[in-house]
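Listed below, chain by chain, are the residues.
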Amino acid sequence: MSRALATTTANASQPVPAGLDPARLPAHVAVIMDGNGRWAKQRNLPRVMGHREGVEALKRTLRLCSDWGIGALTAYAFSTENWSRPGEEVSFLMTLFERVLARELQALEQEQVRIRFLGDLEPLPEGLQRLIADATARTAANTGIHFNVCTNYGGRAELVRAARRLAERCAAGELDPAAIDEQSFSAELLTAGERDPDLLIRTSGERRISNFLLWQLAYAEIHITDVLWPDFDEAALLGALRDYQSRQRRFGGVDPC
Ligand code: FPP
């Protein structure tokens, strides 16, 4: 791509492609990575091959978001409902998470990525829990893109956990129930400190939120693409960002005259 046709934002390390307004990029992109199984089936491969290829798509997306100065990427890697998949697939996914994390940690550190895993991490295999704790600690002070991997994550469970924590603080006399507001509630969510996603991308054509970031997506723009997640590439991300920039965000208000 010609640099003359592109512009660099304050946080970007690479020029933002022509046709995108660098001043109106989403600060936070969330993604439901759907279609790995179908991608594999189309190629007569076992479903798990789709997950393996899905990792490459996720790495591509993270690099592009980071290069273009997008502040945060949150990916739905494993939902609380995904335990109901065949045992072999669940084991494959857990091992895949471990391998990818071990393999990529050094690069994440060098590229200033701050990685966090959002969800109930206790039921995960102990080896994976240790890797997660290590990766989180080692990248906590990084100044680049925030990369949130939702693992054993469920939006309803997250809301219930927040309500319970607030109730406990009220019962302990630390908090006045009348003082609970949207700010104090969102401070109890797993995403505390992260701004809400501006854009949700869902691949493979499904039109559902699937228990993902139920509170945080309240005002997100939603981009649905038929592209299967393993095929999600620069062109597909550009398509999502162009779609986002074509929207009028009103946050419940009206268009300015
Ligand atoms: C949904 O496709 C995808 C998943 C449940 C797994 C996503 C996980 C990855 C891409 C790996 C991420 C790795 C790390 C280390 C963060 P599906 O299986 O539901 O596809 P289908 O709808 O076509 O069956």
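Residues numbered from 1 in each chain as written. Predicted model: local features only at pLDDT ≥ 70, side-chain atom pairs only at ≥ 80, totals over all residues. Heavy atoms only, no water.

Chemist: Explain the pairing of strand E6 (residues 221–224) to me, please; I cannot follow it from the model alone.
Modeler: Going residue by residue along E6, you find Glu221 and His223 tucked away on one face and Ile222 and Ile224 left uncovered on the opposite face. Across 4 bridges, strand E5 (residues 199–202) lies against E6 in parallel orientation. Paired with Arg202 across the bridge in E6 is Ile224. (Buried < 20%, exposed > 50% of the residue type's maximum accessible area, 1.4 Å probe, protein only. Helix = DSSP H or I, 4+ residues; strand = E, 2+ residues; numbered from the N terminus. Pairing = 2+ DSSP bridges.)

Chemist: Help me understand helix H4 (residues 126–139) in this model?
Modeler: The periodicity of an α-helix, 3.6 residues per turn, causes residues three or four positions apart to be oriented the same way. With 14 residues, H4 extends 20 Å between its outermost C-alpha atoms, agreeing within 8% with the 20 Å of an ideal straight helix rising 1.5 Å per residue. Buried within H4 we find Leu128, Ile132, Ala135 and Thr139. Seen from one end, H4 has its buried residues packed into an arc of 70°, which puts them on one side. Across from the buried face of H4, at angles greater than 90 degrees, the exposed residues are Glu126, Arg130 and Ala137. (Expected span 1.5 Å × (residues − 1). Arc of directions from axis to C-beta.)

Chemist: Explanation requested: the sheet that holds strand E3 (residues 114–118) in the structure shown.
Modeler: Remark on secondary structure: sheet strands pair via backbone hydrogen bonds, oriented parallel or antiparallel. With parallel pairing, 6 strands are arranged side by side in an open sheet as E3-E4-E2-E1-E5-E6. Looking at the sheet topology across the chains shown, the edges are occupied by E3 and E6. When the angles between neighbouring strand axes are averaged without regard to direction, this sheet yields 20°. Across 7 bridges, the pairing between strand E2 (residues 72–79) and strand E4 (residues 146–153) is parallel. (Axes fitted to C-alpha atoms, helices over the stretch in contact; angles between N-to-C directions.)

Chemist: Hey, could you run me through unusual backbone geometry in this one?
Modeler: In most cases, non-glycine residues show a negative phi, while peptide bonds are predominantly trans. Its identity as a non-glycine residue notwithstanding, Ser204 has a phi of 75°, on the positive side. Structurally, the position occupied by Ser204 is in the loop between E5 and E6. Looking at Ser204, the relative accessible area reads 8%, which means it is buried.

Chemist: Please explain the nonpolar core as it appears in this structure.
Modeler: Nonpolar side chains tend to gather and get buried jointly when the protein is soluble and globular. With 47 residues, the main nonpolar core has Trp68, Leu73, Ile115, Phe147, Ile201, Leu237 and Leu241 as its most contacted residues. Looking at this core element by element, the count peaks at 9 residues for helix H3 (residues 87–110). One finds Ala30, Leu118, Phe212 and Ala220 within the second-largest nonpolar core, a separate group that totals 12 residues. (Core = buried A, V, L, I, M, F, W, Y, C linked by side-chain atoms within 4.5 Å.)

Chemist: How do you make sense of the site of the ligand when you look at a structure like this?
Modeler: Around the ligand, the structure places 17 residues, and the nearest of them are Asp34, Gly37, Arg38, Arg47 and Arg85. Asn36 is positioned with one of its backbone polar atoms (N or O) 3.1 Å from an oxygen atom of the ligand. The separation between an oxygen atom of the ligand and a polar side-chain atom of Arg85 is 2.8 Å. For the ligand, whose free accessible area comes to 640 Å², the fraction covered by protein is 90%. Of all the cavities here, the one that holds the ligand is the largest pocket. Sorting the residues of the shell around the ligand by element identifies helix H1 (36–42), helix H2 (47–67) and H3 as the ones contributing at least two each. The element that contributes the greatest number of residues to the shell around the ligand is H2, accounting for 5 residues. Class assignment for the residues of the shell around the ligand results in 7 nonpolar, 6 polar and 4 charged. (Near = heavy atom within 4 Å. Polar contact = N/O pair within 3.5 Å; in protein donor to acceptor, adjacent residues only side chain to side chain. Areas by Shrake-Rupley, 256 points an atom, 1.4 Å probe, with all protein chains shown as cover. 1 Å grid on protein atoms, 1.4 Å probe; cavity = no way out; pocket = protein on both sides within 12 Å on 5 of 7 lines; lining within 4 Å. Sits in = over half its atoms within 2 Å of the grid points. Nonpolar A, V, L, I, M, F, W, Y, C, P; charged D, E, K, R; others polar.)

Chemist: What's the story with the state of the cysteines in this structure? I'm lost.
Modeler: Here a disulfide denotes one covalent bond, and it connects the sulfur atoms of two cysteines. Within this structure, the stated rule accounts for 0 disulfides. Between Cys65, a cysteine without a disulfide, and Cys150, which holds the nearest cysteine sulfur, the sulfur-to-sulfur distance is 15 Å. Looking at Cys65, the relative accessible area reads 0%, which means it is buried. Given a relative accessible area of 0%, Cys150 falls into the buried group. (Disulfide = S-S within 2.5 Å.)

Chemist: Would you take a moment to explain the confidence of the model for the protein chain for this structure?
Modeler: Interpretation of this model should avoid reading the predicted coordinates in detail wherever pLDDT is low. On average, residues of the protein chain score 94 in pLDDT, and 95% of them reach the 70 mark or higher. Of the regions scoring below 50 in pLDDT, residues 1–5 engages in 6 contacts with residues more than four places distant in sequence or in other chains. (pLDDT = per-residue confidence, 0-100. Contact = heavy atoms within 4.5 Å.)

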